[in-house]
Every structure is written in C-alpha cells, then in structure tokens.
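If you want the building blocks of each chain, they are given just below.
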Amino acid sequence: MKVAYYPGCATHGFARDIDVATKKVAEVLGLELVEVEDWNCCGGGFLDEKDEVAFVSINLRNLSTVERMGMKKMVTPCSVCLHSARKSEVVYKEDKYLRREVDSRLRGTQVSYKGEATAEHLVWVLLRDVGLERLKAQVKKPLKGLRVGAYYGCQMLRPQKYLGFEEPSRPKSMEQLIAVTGATPVTFSQATSCCGFPLLGSNEYMGLKLAYKVLEGAKHAGADLMAHPCSLCHLQLDMTQEKVRYTFKLQWRLPALYIAQLIGLSFGFSPDELQVPKGVTEVLESKGLA
Amino acid sequence: MEKLSYDAVVVGGGLAGLMTAYVVASSGFKVAVISKVFPTRSHSAAAEGGIAAYIPGNSDPNDDPDYMTYDTVKGGDYLVDQDAAELLSQKSGEIVNLMERWGALFNRQPDGRVAVRYFGGQTYPRTRFVGDKTGMALLHTTFEQTSGLGVDFYNEWFALDLVKDGEAIRGVVAMEMKSMNPYLFQSRAVVLATGGMGMMYKHTTNSYINTGDGYAMALRVGASIKDPEFVQFHPTALYPSDILISEAARGEGGVLRNNKGERFMTKYAPHKLDLAPRDVVSRAIITEIREGRGFPGGYVHLDLTHLGENYIKERLSLAIEAAENFAGVNPINEPIPVRPAQHYYMGGVDVDTNGANPEMPGLFAAGEVACVSVHGANRLGSNSLLETLVFGRETGYTVVEFLKRTGERSSSVQEEAERIVKEAYQFVKSESGVHFGEIQETMREIMWDKVGVFRDEEGLKEAISKLRELRSGVSKMYVRDRSKVYNTEFFNALELRNMMDLAVVISRAALDRKESRGAHYRNDYPKRDDVNWLKHTLAYLRGENVEIAYKPVRITRWKPEERVY
Amino acid sequence: MEAGGKGVLKMVEQREVKVRVKRFDTEKGNWWAEYKLVVDWYTPMTEVLRRIKVEIDPTLSYRAACHMGVCGSCSMKINGKPRLACKTRAIELLNQTGDEEIVVEPMDYFPTVKDLVVDMSDFYSRMFKVKPRLHPAREVMEGKAEHRLKPEDQRTLWKFGQCIWCGLCVSACPAIEDQDFLGPAAQAKGFRFLADPRDTLTEERAKLLIDSAWRCTYCYQCFEVCPRDIEPVEAVKKTRAMSSLYKGRSEVVRVGVRHSEAVAESIASTGKIMEALVYTKGYGASQAVKDMIFLLASGRGKYLLVKETSVKNIEEVKKIVGGAT
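### Concerning the overall build of chain B
Alright, step 1. Each helix and strand in chain B was counted, giving 16 helices and 20 strands.
Alright, step 2. What you see for chain B is a C-alpha radius of gyration of 22 Å, in line with the 24 Å of a compact globule of 565 residues.
Alright, step 3. In terms of overall dimensions, chain B has a C-alpha envelope of 65 × 50 × 50 Å along the principal axes.
Alright, step 4. For chain B, the proportion of its 565 residues judged to be buried stands at 66%.
Alright, step 5. Within chain B, contacts between residues separated by at least 24 positions form 75% of all contacts whose residues are at least 6 apart in sequence.

Right under this line is the structure:
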C-alpha cells in the first residue's frame, strides 16, 4: 500500500527518531511511504493564532501537493500536524467566508486543493488499513512483562469534528497497538489529558505542570514506560522531562517513547536502530527484553 | 425569620422581570430580583422565532403600527384590550432599538440595519430575530445590562407566597434553596414575573420550571386571574419530545402536510394557510389526525425540504438541531413530525395596561404571568417577547411612580410571614402518603384530555370534579427527602400546590364560557358569541371555591368582525 | 429502520436501562444509587431523571429546565463525558459507548451541593469578571446616534455570543487551575465584546482577556464538550491575534507574542519551524542557554546538529504567509 508521508518539522528536528522508527516499521509492513514533495510546516498549532488564513493556506499547499502526486491519503506520525491539516480541511469546506479569503491568498500560487486528499494519523492507518492481524504476524519479539502507559494526548482525538477516528473520552487505539506488541497496556486517567506542549510558547511553568501530571499519572498506575502518538508529545514528555524532573523534584524518570518505536522493538529491531529515548534500553534490560 | 428590605421586589428573572428591575433600579430605587433559577435559565431563553416590531425607517413601506395592532386584535379574536394592543405596537420599535443598543445580535440586512421576516397572522413582515434563538439572545442581553446595575439577585430562591396586610401587598416570603432558610422580603411593591404554567399539561413546549407559581400566589392572596380559560396550544411541537419547532419554520416557507401529502391548511385557512394563527392551525392538525389523515402515534408533517440547505442552515439552525437530536430527522431532506402542545397562557394576573393590579395596591405583574390583556383569546407569534419587554418597561415606570408617591407602612408583617412558612411546611409534613409525582402526572393527563384544544361540557365537568379531588390530596402529600440542603422534592411539591390551585380555576372558567373564541374551543358551542361573551372572565379562588366575575373588553377602534384567515 | 419520509419513524425500540447515579448530601457524603427504567429511542436523559424522580425516587436532585439545549441547566457527566442531559439520548449513549449501564455524575471541578447539583459560583464570577455587557458610546446608549453592525460581524460575534453558561467547558479545562486564566467560557464571552466595533471598553477588556488568552493549552476539550458549538479555543486564538491592542504587556503576552512571531518568521523564511531558533527567539538567548542543560541531559543534543532543509519553493510559502510577519 502506498501513501503520502508528511513527517512535520519536529519529526525531522529534535524528534528525528520518530522518523527513523516510522520508516522501519512501515517497511516491514509493506506500507510504502512517499514523502510529500517540498512539504512545508503545518503551522505547528501556533500559526493560526497569528493569521488564520495563512494557517489554512499552508496546510492546503501540502494537501494540494498530495493530490498532484496522485494520492489521497497523507499519513503523518505527528498529532499536531494531523490536527492542523484536518482542521484546515474542515474549515475550508464549511466556512465560506474563510474559504473566500484563503482562495484569495492562494491566487497566483500553484496550490489548488480539490478536497480529495485528507490527512490521517499513522495510528489510524496501522489499525484500519494495515490491521492488527498483519501487525501481529510481524511480531518477532513479544514485549512480555513490559507495562506500557497508553497515552493519547489531545490533538489526535479532539475535536471529533476534525478528527473523528475514535470517541475522545473512550479511545482504544493506543491500547490496541500496545497489546499487539505483547506488552501490557496500562490505562491511566490522564491518558487523554494535555501534555502541555502548546504552553511552552507562552506560559512554560503551566506546560511543565501538565507534563508532570501525565507522567505522574502513568507512573502511579504502574507503567514502566509510556507510549504516545505525537512528535510534540515526544518533545514534551521525553526531551523536556529533564526540566520537568528538575522543576518538580522528581526522583524517577518515566521514559516516553513513540508508538512506532515500541512496535519496532516488538518487530525485532534493536533499541539503537530505533534510536529510542534515554532510559528505554535500561527498562528493557530490566525486563529481560533487551 | 430574617427580614430583608427593598423598595421593590421582582419575583422572576426572565425578560419581563429583568426589564422591570432595570427600569426601577435605574430610577435609583433598591430592587431585589428573586428567581428560582439562575436568570439565564428562565423560559424566555426558549423563545425562538423573534420579536415583532414596527420600526420607522426599517419596516415594510406599507406597514404601520395600526396594522400591527389590528393583526393583534384580530389574532386575539377581539378579546384584546385595544389600548394595550396599541401600546404594544407603538412601543415595539423603541424596544427593539433599545435591545439593539444594548448589544442584542439581531440578524442584519446587508446595510447593517436589523433584518425582518414574516410570522403567523401578520399582514406585513415585522419580526426581528437572532437566528432562531431570539429569546435566548434577548434574555442574555437584558440580564447582562441589568446585572451591571446594582440590583440584588437572589438566584435559586423559591418564593412561597405574597405577604398581604389588609388590602395592600407588603412583600414576599422566599426560601434560599441551598440552605432552605426562609426570609421575609419586605417591600412596597412586588412585581410578579414568574412566567407560564405549561407543566400542568401532559404535552407542553414549556420548561420544567413553568409551574404557574405566580398565578397561584396571586390567587392565594385574593387577586383575580383574568381570562383563565385561554390556553394556547402551539401547532408544531416536535413529536414525541414536544420541543418547539418555531413558527419561523412556517414563516420561512415550511408547509404542513397530512399522511396523503396534502397541504391541508388550504381547507382551514385559505388565505393565510400555514401562517394562520396558532389556535386555527392547532385545531386543524388535531382534526386531520382525528379524521385519520395523521401518522401513527398522532402527528403530521412539517415540510422544509423545498427551502434548500443553505437557507435552512442560516435561518432555522435550531429547527435542524432539534429535529436531528430529538427526532432523528434531517429537515433538509425529510419532513419533521409535529403535533400541537401547550405553549403559552393568555390568562394571568389581572393588571391594567400600566402593569398594576386594580384591586390590590403594591401588586404588579408583567410578562406571561400578567393578563393586560394584550393577547385576548389567542396570542400571535413574536408578540410574547415583545410583551415582556414593552410591558416589563411600562410596569417598571408604573412601579417608579408608585414608589414615589407611596410611603412606608409601619405595621409589622412578621406574623403573616411566619404563617406562610408554616403553611408551606404543613402540607408536606406527613410521614407517609402520596408523593407529588403521582398527583402531578394524573393532573397533567386530565388537563390535556379534558381542558385541551377541544373542550365540551361533559369533559369539563369531569375534569373539575377530578381536579378538586386531586387538590384535596395535595394537603396529604408527603416528601420523602429530608435533606436540609437544596431539597428539590420539597420545592416540586410546592410547585404542584401552585399548579393545582390554578387547575381548578382554569377548568371552571372553561366550563362557564359557553362559546368558542380564539384558543378556547367548545365542541358544544362552536361559534363566537359577541352578544353574551365579549367580556373578560375574572376568577378568584376562595378556599375550595372558584368565584367568577366579568369585566368589559376595552374597544377603541376595531369593531369585532368575523375572524377568517 | 430509518426515519420519517413515509411517516415510518425510527424503530420505537423499547429497552430497559440501568442508571447509576452518584448521589451526595452533606450528611451521608457520596454514594451510588441504581435505578432501572424502560426507555425508547427518543428518551433524553432529562426525561430519564424526571421519571426516576416522579416514578421511583423523588429524593433525587438535579437541575433541568428547557429540555432543548438553550438554558444550560442540566450540565453533568454522563458515562464519563461532560454533557447536557437534555441533549443526550439514553439509548444512543449506550450504542455509542457500548456500555451496559448509564453512569451519571455531577460535573467535574465545581463543588457538589446535592446529588447532581453543583455550586456554580466560580463559573459565574469568571463570567462577570469580563464585564459581559456591551458598553456602547454614550450618544448611542441615549438613543441619539446609531451604530450599525455589519452582517459578517454579527455572524462572528453571535458564534461566540451564544454561550448558555452551562459550565461544561470549564469543568473540562486543564488550564483552569492557573488563577490568571479566565477559562474558556469567559474567554469566548469576553471576545464577543472585545471584537464588537461598538464597544467602548476595549482597552480594559484587552488587558484582561489578552493576558488570559496566552494561558490556554490548546487541548480542545472546550471545543469538544461545548453543546452550542461555540469553539471557545477559537475565541482564544482570535484574542491572541489581537494582542497588539494590549500595550502594557505581561510576561506571558510578551513571550507568547514573540514566540508566535518567531514561528511565522521561521515559516516565511524557511517554510519550516526550526525549533531551536524559534524557542530562542521566544524566550531569549540566556534562557535558551540554560535550557541547553536539560536538552543535553535528555540525550537529544545530537539532533541539534541535524540541519533540516528549507522548502525549495520558498517564494510560494512567502506569498502565503507573507502577511503574517
């Protein structure tokens, strides 16, 4: 199966390990990822607070390219990129006044979005298009005994109007993917709470506090590791965990890894091949899974 | 019991109550608003289609306040006090302009002026609207402005009874619902603005809180209810939830069809068709259903499918929402199932055009609870929102004048207040018995079946006898909930007491009026009888008995004609 | 079976449902009560509660009035989700969640008074804090002048102005514990007035609303739970876009605006967000140097060296984003 692949700025930046893991897992599953030609930033969840028209327009630029490439599905590993694209699709279709302004902004460019291409999350494609059976067939090294917190974050779930894959208050996708690797999914109450990343842009302390609550929730529920579906959660929960630990004086570290990394481990890739985050290897070793 | 002193107390925090409070407080008087819910929850919020107004410079060039008055008088089947209707029309433009200045977000014409549309019974279009949530928009706007004024709001306080001293009203006793503590609100003026009584009927578009509290309080203190037999049934309540589908749906071109797909209103109102007054359309629908041309379950179709998706979305979004959420129907491509339900009460506390009760100094009323009478035997759509604001304001002015010329009375009413609290607790003091729900559901069935759209002597007599029996059962009610915090069962029981007091009055007045006029239709007296019945009913409740008197209708310029649509 | 065209309504599916309600009173504290009822396709939760009260247990306390989603009384948590009871149909809920029973609880965040009735004072005080009333010019208020409103303005303002004060968004908001954050409802209500060209309190409103707007975490809970589709988070975004109205900036506004500008600049010049640069621009070089320590401790220092390529057709991106910088 061939799909357009949209990594996003973080996935090609500080969360490059997500790009590595996603590509490895996709290859094993026979999912051909074709990178969107000359893709631009989705706005990062911030551009629309400055200029809504620009925000929608740049997202349509990517989707228009996907259509030109002859494809309909644009798969992304990053929830924020997903959210930005899908929001743009919906508001462009429904808000005729905004559409007029966007069309005007796009005049003179090569962008011409027909409404056929749509953005999808890697998680959705794995579950719906690849399927749990095919995933299971590739598991060479079941991660038995590993307790993994099933974290969703916000942007892949809310609002249903833009996303719509699963009910935001009762999601199941992460638990399903974690279970297929042989690990034990740990459901915890902060699973759909915000990791706080967007607040890094203005009110850092509060952002750190939200991350702390999520990590603490998973830890308290008995998780050894936490798996999540978003490049920006990756930055917040892994990269920024050091700052969170410092700010809230945490004695423990709960490694947070991207779902494709977890899946990759179960497929038999080594932690180094998947460039897993700090602390993951040690946890695997302690469970005899390294 | 603790005492609170105010110049004026307004009972009810809906549009009429807030408007009155605004006017009185703006004149420098100390005002309290007592509401059993937070004001924005008031039933005014449910009004959908709009507010009628003649605005000079922004109305159909052929329109005129006199046309508006005429439409109102004819719509009310000539029971309307014509000076009241004239006042309503004349002040309508002013009131809408006021709301607009206060920030109400009326739909606009391209040049920025307030837009307009047709409503039932109108000769020219004059209804102004905010999508189809006009009531909610106006209620919020009025609350926003009033809450900025220094009026004391007692929200989630339940008014028990009015306090009378001799013949003058001295205040009201109310309980804080959270603490269950009673307080005496002593004031020189009390304005009842407690809204309608739809919960008395099995099928109503009204909120759960519309339990006729004000009417009962007035009756218990010896004031009369004027025209109690006139209950409006709205033709298009969604089946089966009874949620209102605004008349605006018909105003924007929606059409009623029976199970043969026929536009049956051609038979009942050849000129106005689906936009005939509500009583005409309600009777038409019930007749179609009774004669086998309705759908199983008892409803007909309201067809909007020919209006187009964009138009419906822009003008009638609430109708789409209601139809989809509550009946599983998408009005853009399917007809909506509708049937009549109780909707408005034309009857009410007897007041003059100025909002004052003519017999009891200190007692005022505005809004649905009042009977001015501006609607007569049937209310036109978009006149109710107008009424609350116009007469809310007039009543406010009247109260101001009253306060300026009335001094404080020195005698204590503490004893009377204690008596009121004791009485309220008395009838729920039993340790066992029947709980309010049983009595209430039976009452609602009786009212719907026998004091509903079509009435006759046998049915009414049966209703009266059954209701009397139920009413005596009320004194043996028992409240299982012993909670001393926010005990809703206790308040529900008090609401039932209020509804029963009004029920016996309505059924008796309906039996007495041997004619059909507007919303009051007698199978046994199907014609209007101006010779004997061109008069207002006044009903008093003295203990077990309902006493009936009459009062002339004030006719200025429009002589009664045959009411054809 | 589908609805109505030929007058055949949805299957009048009757089903017995089990309803578990989290009760509370000041003497007993919390306890769970269970009720069984037969409902059909149409039965909304307000009707379920009413029937419990009238037929089974009259001691159950809850708020409900309009039963059509305009008064905001019946906010509660049903099967874990903040909703209006009147807009939630019993059977639809069970079909949606796949549960066997309906669990009804009071809304989160607000203290419980009795059963499903919560104390809304916190919510009301937030709303009143934003002075939720139009302050037109004096001449307009006195009726001496007219200030018309354009149809497009009416549309935008009405979108955010139709809040029914139900409190669901506040109950679901994770940023609400920040004392200086007004919360989604108040932001939306405040924006309705901030953006109204007829209002004269703009400066005062800007100060309060803009500072608060930069404290939202964009989690979209408010968008998801709002029963009137107001999308409060969009009001927050639009408020942030008006930051230039607030002259004396507070810390969060300063950082937020700088960060936002840095994002736009980065996209305009490279087509992508170069994170290190953007973060530095937002928080300043000295803060960025301090945070280097955490970056290195996390083991992601190696990615600093990876240079992402800019967009080739940068002219096109510049044209699109150009106006933003």
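### With respect to the overall build of chain C
Alright, step 1. Each helix and strand counted, chain C has 14 helices and seven strands in total.
Alright, step 2. The principal-axis extent of the C-alpha atoms belonging to chain C is close to 65 × 65 × 55 Å.
Alright, step 3. Looking at chain C residue by residue over its 325 residues, the buried ones come to 52%.
Alright, step 4. Relative to all contacts within chain C whose residues are 6 or more apart in sequence, the contacts with residues 24 or more apart total 63%.

### Quick look at helix H11 (residues 259-267) of chain A
Residues and elements named next belong to chain A.
Alright, step 1. The buried fraction of H11 is high, at nine of nine residues.
Alright, step 2. Where H11 is concerned, the buried positions are Ile259, Ala260, Gln261, Leu262, Ile263, Gly264, Leu265, Ser266 and Phe267.
Alright, step 3. Residues of H11 that are buried in the fold lie against helix H1 (16-29), helix H5 (122-130), strand S5 (147-150), helix H7 (173-180), strand S7 (225-228) and strand S8 (256-258).
Alright, step 4. Of the residues trailing H11, glycine 268 is marked for its positive phi of about 105°.

### Regarding helix H3 (residues 121-129) of chain C
Residue and element names in this part refer to chain C.
Alright, step 1. Listed as buried for H3 are Phe123, Arg126 and Met127. The arc enclosing the buried residues of H3, seen along the axis, measures out at 95°, which places them on a common side. Every exposed residue of H3 that faces more than 90 degrees away from the buried side is listed here: Ser121 and Ser125.
Alright, step 2. In the core, the buried residues of H3 are packed alongside helix H6 (168-172) and helix H7 (184-194).
Alright, step 3. Where H3 ends, the next residue or the one after it, lysine 131, has phi of about 50°, a positive value.

### Overview of the domain arrangement of chain B
All names here are of chain B.
Alright, step 1. The domain architecture assigned to chain B consists of domain 1 (1-230 + 346-565) and domain 2 (235-341).
Alright, step 2. Taking only C-alpha atoms, the centre of domain 1 and the centre of domain 2 are 27 Å apart.
Alright, step 3. Taken residue by residue, the interface counts 27 residues in domain 1 and 28 residues in domain 2.
Alright, step 4. In terms of residue class, the side of domain 1 that touches domain 2 is built from 10 nonpolar, 13 polar and four charged.

### Side note on the environment of valine 451 of chain B
Alright, step 1. Within the secondary structure, valine 451 of chain B is located in the loop between helix H13 (436-450) and helix H14 (457-474).
Alright, step 2. For valine 451 of chain B and leucine 511 of chain B, which are 60 residues apart along the polypeptide, the C-alpha to C-alpha distance reads 9.2 Å.

### Description of the domain arrangement of chain C
Residues and elements named next belong to chain C.
Alright, step 1. Its domain assignment divides chain C into domain 1 (15-118), domain 2 (121-245) and domain 3 (251-324).
Alright, step 2. Computed over C-alpha atoms, the centres of domain 2 and domain 3 are 30 Å apart.
Alright, step 3. In this complex, domain 2 contributes six residues to the contact, which on the side of domain 3 involves four residues.
Alright, step 4. Grouping the constituent residues of the side of domain 2 that touches domain 3 by class yields two nonpolar, one polar and three charged.

### Side note on the interface of chain C and chain A
Alright, step 1. Facing 53 residues of chain C, the contacting portion of chain A comprises 53 residues.
Alright, step 2. The set of elements that each furnish at least two residues to the side of chain C that touches chain A consists of helix H2 (90-97), helix H9 (221-225), helix H10 (232-241), helix H11 (251-270), helix H12 (275-283), helix H13 (285-297) and helix H14 (314-321) of chain C.
Alright, step 3. Counting residues per element, the side of chain C that touches chain A draws most heavily on H11 of chain C, at eight residues.

### A short note on the sheet that holds strand S11 (residues 225-226) of chain B
Residues and elements named next belong to chain B.
Alright, step 1. The sheet built from five strands is open, its strands ordered S18-S16-S11-S19-S20 with mixed pairing. Single-partner strands in this sheet number two, and they are strand S18 (370-371) and strand S20 (545-552).
Alright, step 2. Relative to S20, strand S19 (residues 535-542) runs antiparallel, the two sharing eight bridges. Following the sheet pairing, arginine 542 is matched in S20 by asparagine 545.
Alright, step 3. Contacting S11, strand S16 (348-350) and S19, helix H5 (residues 213-220) runs over the sheet at an angle of about 35° to S16.

### Thoughts on the sheet that holds strand S1 (residues 2-5) of chain A
Residues and elements named next belong to chain A.
Alright, step 1. Across the sheet, four strands lie side by side as S2-S1-S3-S4; this open sheet has parallel pairing. Bordering the open sheet on either side are strand S2 (32-35) and strand S4 (118-121), each of which pairs with just one other strand. Taken over all neighbouring pairs, the strand axes of this sheet differ in orientation by 45° on average, direction set aside.
Alright, step 2. Taken together, the four bridges between S1 and S2 define a ladder with parallel strand orientation. Directly across from valine 3, in S2, lies its bridge partner leucine 33.

### What to know about the interface of chain C and chain B
Alright, step 1. With 45 residues of chain C in contact, the opposing surface of chain B contributes 54 residues.
Alright, step 2. Elements that contribute at least two residues to the side of chain C that touches chain B include exactly helix H1 (45-56), strand S6 (112-114), helix H4 (138-141) and helix H5 (151-161) of chain C.
Alright, step 3. If you tally residues by element for the side of chain C that touches chain B, the top one is H5 of chain C, at five residues.
Alright, step 4. Taken together, the residues that form the side of chain C that touches chain B break down as 23 nonpolar, 13 polar and nine charged.

### What to know about the pairing of strand S7 (residues 157-165) of chain B
Residues and elements named next belong to chain B.
Alright, step 1. Counting buried positions along S7 gives eight out of nine residues, so the element sits mostly inside the fold.
Alright, step 2. Note that S7 and strand S8 (residues 168-176) share eight bridges and pair antiparallel. Its bridge partner being in S8, phenylalanine 158 is matched across the sheet by methionine 175.
Alright, step 3. In textbook terms, the turn of a hairpin is the stretch between consecutive antiparallel strands, and for S7 and S8 this stretch comprises two residues, one of which, glycine 166, has a positive phi near 70°.

### Brief notes about the confidence of the model for chain C
Any region with low pLDDT has predicted coordinates that should not be read closely.
Alright, step 1. Scored by pLDDT, chain C comes out at a mean of 90, with 95% of its residues at no less than 70.
Alright, step 2. Under a pLDDT of 50 for its full length, residues 1-8 of chain C has, in the predicted model, 16 contacts with residues more than four places off or in other chains.

### Here's the deal with the arrangement of the chains
Alright, step 1. Most contacts, compared over the two pairs of chains touching, are made between chains A and C.
Alright, step 2. Of all C-alpha pairs spanning chain A and chain B, none lies closer than 11 Å, and the two are not in contact.

### What about the environment of glutamate 86 of chain B?
Residues and elements named next belong to chain B.
Alright, step 1. Mapped onto the fold, glutamate 86 is located in helix H3 (residues 82-101).
Alright, step 2. Classification of glutamate 86 by C-beta neighbours within 10 Å gives buried; the count is 22.
Alright, step 3. Measuring from C-alpha to C-alpha, the distance between glutamate 86 and threonine 69 comes to 5.5 Å, with 17 residues separating the pair along the chain.

### So, the packing of helix H8 (residues 204-220) of chain A against helix H10 (residues 241-248) of chain A
Residues and elements named next belong to chain A.
Alright, step 1. Relative orientation of the contacting elements H8 and H10 amounts to 95°, with a least axis distance of 10 Å. By the angle between their directions, the pair H8 and H10 is classed as roughly perpendicular. Across the interface between the two elements, Leu208, Ala211, Tyr212 and Leu215 from H8 touch Gln241, Lys243, Val244, Thr247 and Phe248 from H10.
Alright, step 2. Considered class by class, the residues forming the contact of H8 with H10 number six nonpolar, two polar and one charged.

### Some thoughts on the nonpolar core
Residues and elements named next belong to chain B.
Alright, step 1. Ranked by size, the top nonpolar core spans 396 residues in total, and within it Ala174 and Val191 carry the most contacts.
Alright, step 2. When residues in this core are grouped by element, the largest group, 15 residues, is from helix H15 (residues 488-512).
Alright, step 3. Excluding residues within four positions of it along the chain, valine 191 makes contact with Ala8, Val10, Val11, Gly17, Thr20, Phe364, Ala365, Ala366, Thr395 and Val399.

### Some details on the environment of methionine 274 of chain C
All names here are of chain C.
Alright, step 1. Among the secondary structure elements, methionine 274 is positioned in the loop between H11 and H12.
Alright, step 2. Sequence spacing of methionine 274 and serine 310 is 36 residues, and the spatial spacing of their C-alpha atoms is 9.5 Å.
Alright, step 3. In this structure methionine 274 touches Ser266 and Glu308, once residues within four positions along its chain are discounted.

### Points about the pairing of strand S3 (residues 73-76) of chain A
All names here are of chain A.
Alright, step 1. Two strands pair when backbone bridges link them, and S1 and S3 are joined in this way by two bridges, in the parallel orientation. Within S3, the position partnered with tyrosine 5 by the bridge is valine 75.
Alright, step 2. Examined bridge by bridge, S3 and S4 share four bridges and lie parallel to one another. Following the sheet pairing, lysine 73 is matched in S4 by threonine 118.

Analysis parameters
- Residues numbered from 1 in each chain as written.
- Chains lettered and ligands numbered in written order.
- Predicted model: local features only at pLDDT ≥ 70, side-chain atom pairs only at ≥ 80, totals over all residues.
- Helix = DSSP H or I, 4+ residues; strand = E, 2+ residues; numbered from the N terminus.
- Rg over C-alpha atoms; globule rule 2.2 N^0.38 Å.
- Buried ≥ 20, exposed ≤ 12 C-beta atoms within 10 Å, placed from the backbone.
- Contact = placed C-beta atoms within 7 Å.
- Arc of directions from axis to C-beta.
- Domains from an automatic or database assignment.
- Nonpolar A, V, L, I, M, F, W, Y, C, P; charged D, E, K, R; others polar.
- Pairing = 2+ DSSP bridges.
- Axes fitted to C-alpha atoms, helices over the stretch in contact; angles between N-to-C directions.
- pLDDT = per-residue confidence, 0-100.
- Parallel < 35°, antiparallel > 145°, perpendicular 65-115°, else oblique.
- Core = buried A, V, L, I, M, F, W, Y, C linked by C-beta atoms within 7 Å.

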